Amino acid sequence: MVRRKHLVLTLILALLVTLAFSGIQAQEETVLRILSNADIRTSDPHIAYETETWPTSALFNMGLVRWSDDNSEVIPALAESYSVSDDGLVYTFVLREGLKFSNGRDLTTADVKWSFERLLNPATASPTAYMFAAISGTTDFQSGAATEVSGIRIVDERTIEFALDFPVWSLIQRFALPPGFIIPQEAVEAAGTEFGRQPSGAGPYILERWEPGVIITGTRNPNYYLEGKPGFDRFEMQLMVEPSVGILRIEAGEADIALDFVPNADYPRISTDPAIAAQLLPTAGFPNIDYVVLNTTIEPYSIPEVRQGMALAVDRTRLVQILNGRAEPAVGPIPPSVLGNNADLVPLTFDPDAAKALLTSAGFADGFTGTLLTNTDPTNLSVAQALINDWSSIGINLQITSIDNAQFLDILVNQPDTLEVVLTNWYLDYPDPSNIWEPLLACGGSYNWGQFCDEALEAQFADANAIPPGDARWAAFSAFEEAIVGAMPNIFLEHQLNFYFTSERLSIQSDPGVLLRWDAAGLK
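From a predicted model like this one, the values you see are computed outputs, not experimental measurements.

A. Highlighting the overall build of the chain. Helix and strand counts for the chain come out as 16 helices and 21 strands. For the chain, whose C-alpha radius of gyration is 26 Å, the value lies close to the compact-globule estimate of 24 Å for 524 residues. Overall size of the chain, expressed as C-alpha extent along the three principal axes, is 110 × 55 × 40 Å. Looking at the 524 residues of the chain, the share that counts as buried comes to 54%. When contacts within the chain are restricted to residue pairs at least 6 apart in sequence, those whose partners lie at least 24 apart make up 70%. A total of about 21700 Å² of accessible surface is found on the chain, and carbon and sulfur atoms cover 53% of it. Measuring between centres, the 30 positive side-chain charges of the chain sit 14 Å from its 66 negative side-chain charges.

Below, the structure is given as structure tokens:
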């Protein structure tokens, strides 16, 4: 009798183990597999400012607001609601109840205030601090005359106000960007200068491992504000994967998506193949401009006629061909899809003779030599080679130097005086023409690598930017774009139409604020 009881218990235990094991198999861990050509330099939302670092930051962080699922409006995120005063000078946010960072600590309005003051602190050296410079008290805070930003006022643990010195009509869109992410002070202070690769925030994932140049991995954040999100248990991001190789890996089922846009060499094959064309994901928002930066502090690039001559020597029709038709020639810097674009500007024609005449009038009849810097992106290299060929026809002989994107950006940020000519691109953070001038061409702009500065244009911009959204604002910016083209601070090339390529199994949305909406990603 006793022996039979033991036998029955043994059989029951065996059955329970079998059922448990079957349950584990049925709930196999889901992994989102990401690729990146770049070695991600940072995920710090106050330092990141590239098309690979913003979506990386969004894996770990979230802000007060975000874009809606249909990308039509900005909606509450960590905030449960927000309001804007009629005069556009006061923004009020009410946080959701029970918010926590991924480390389990409660998230309050004190964290919101601290995050924005870190963004605005000159010691942070944030390239995106300008986006919130209109907050009252920012000038005194940045000069050291005040120890806090007076315009950021904590009402209670869940309510916070931002008061402005003047209206910024695109400000709510700026709150939806990584500079508006909320981060925990203790995590920043514990990581020090390594916070960019030791992220901690309120986003969908928690960092598991960051091995520079190799891999970044993370696990689902159990404290994420959206219940049941994200749709994957983990993510793995393989670094330093060449984009065309990434396409092949995605096709083979070895990866789900790359942070890099589909290369030109692969686009025709993918877009014309019915079996995989549906796996192309158009980028939402982020209209762009490909352009050449010229160091306007040194000759010959400080001479307007030289810049204008170089602009006329570029065959933009050929550039569009190199891009397999996924672009249109740029007349000015403001993309055609952005209100304020001047549709009446006369296109820059390919005219080497006129270009040569301008060089001669500037005292460079025999041309000159120099160096063109770009990154190792295959598309950029193809465009760079075309530019070199065009300019050689008028006696300008430049050598291409291409380096990894992290090193490329480090030189741009920290050694701008060493630059001569740079091929790069810009993706607007929000669809307003002010986002061309403020970072790229304003005196002291955070991405003004050529150090261009024109006080008359600064004044014209200030007048245009003070006008609320509407026909008057767009007309003012249209006239302003014409004035920019007249000065030719940069050489404007083309506007691209870009796509991501996804695996057959992946469902994901593109986002106007962070490029990829990770918490919406899941298996089809």
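B. How the structure looks around the pattern of salt bridges. Following the criterion strictly, the structure yields 23 salt bridges and no others. Residues aspartate 519 and arginine 66 are paired through a salt bridge, measuring 2.7 Å at the closest nitrogen-oxygen approach. Note that aspartate 519 is positioned in strand 21 (residues 515-523) and arginine 66 in strand 2 (residues 65-67), a separation of 453 residues in sequence. Both residues of the pair, aspartate 519 and arginine 66, count as buried. Arginine 158 serves as the salt-bridge partner of glutamate 97, at 3.4 Å between the closest nitrogen and oxygen. Separated by 61 residues along the polypeptide, glutamate 97 in the loop between strand 5 (90-95) and helix 3 (109-120) and arginine 158 in the loop between strand 6 (152-154) and strand 7 (159-163) bring together distant segments of the chain.

C. Seen up close, the environment of arginine 96. Its location among the elements puts arginine 96 in the loop between strand 5 and helix 3. Judged by its relative accessible area of 29%, arginine 96 is partly exposed. The spacing of arginine 96 and leucine 387 is 291 residues in sequence and 52 Å in space, taken between C-alpha atoms. Ignoring sequence-local partners within four residues, the contact set of arginine 96 consists of Pro76, Ala77, Leu78, Ala79, Glu80, Arg158 and Tyr225.

D. Highlighting the pairing of strand 17 (residues 421-427). With respect to burial, strand 17 is a largely interior element, 6 of its 7 residues being buried. Pairing geometry for strand 13 (residues 288-294) and strand 17, over 7 bridges, is antiparallel. Across the sheet, residue tyrosine 291 finds its bridge partner in strand 17, namely threonine 424. Two elements, strand 15 (residues 368-375) and strand 17, share 2 bridges in a ladder whose sense is parallel. Of the residues in strand 17, the one forming a bridge with leucine 373 is valine 422.

E. Focus on the sheet that holds strand 8 (residues 205-211). Pairing is mixed in the open sheet, where 5 strands are placed in the order 8-9-10-1-11. Across the chains shown, the open sheet's two edge strands, defined by having one partner strand only, are strand 8 and strand 11 (257-258). In the packing of helix 2 (residues 53-60) onto the sheet, contacts are made with strand 1 (31-36), strand 8, strand 9 (215-220) and strand 10 (234-239), and the angle to strand 8 comes to roughly 125 degrees. Its contacts with the sheet put helix 7 (residues 243-251) on strand 1, strand 10 and strand 11, and the angle it makes with strand 1 is roughly 160 degrees.

F. How the structure looks around empty space enclosed by the protein. Taken as a whole and judged by the stated rule, the model has 4 cavities of 30 Å³ or more. Approximately 700 Å³ is the volume attributed to the largest cavity. Along its surface, the largest cavity is lined by 38 residues, and Thr51, Glu52, Asn375, Asn425 and Tyr427 are the ones closest to its centre. Mapped onto the lining of the largest cavity, the elements with two or more residues apiece are helix 12 (378-392), helix 13 (405-414) and strand 17. Among the elements that take part in the lining of the largest cavity, strand 17 stands out by supplying 5 residues, more than any other. Tallied by class, residues from the lining of the largest cavity come to 19 nonpolar, 12 polar and 7 charged.

Conventions adopted
- Residues numbered from 1 in each chain as written.
- Predicted model: local features only at pLDDT ≥ 70, side-chain atom pairs only at ≥ 80, totals over all residues.
- Heavy atoms only, no water.
- Helix = DSSP H or I, 4+ residues; strand = E, 2+ residues; numbered from the N terminus.
- Rg over C-alpha atoms; globule rule 2.2 N^0.38 Å.
- Buried < 20%, exposed > 50% of the residue type's maximum accessible area, 1.4 Å probe, protein only.
- Contact = heavy atoms within 4.5 Å.
- Areas by Shrake-Rupley, 256 points an atom, 1.4 Å probe, with all protein chains shown as cover.
- Lys, Arg positive; Asp, Glu negative; His and termini not counted.
- Charge placed at Lys NZ, Arg CZ, Asp CG, Glu CD.
- Salt bridge = Lys/Arg side-chain N within 4 Å of Asp/Glu carboxyl O.
- Pairing = 2+ DSSP bridges.
- Axes fitted to C-alpha atoms, helices over the stretch in contact; angles between N-to-C directions.
- 1 Å grid on protein atoms, 1.4 Å probe; cavity = no way out; pocket = protein on both sides within 12 Å on 5 of 7 lines; lining within 4 Å.
- Points joined across faces, edges and corners; volume = space filled by probe spheres on them.
- Nonpolar A, V, L, I, M, F, W, Y, C, P; charged D, E, K, R; others polar.

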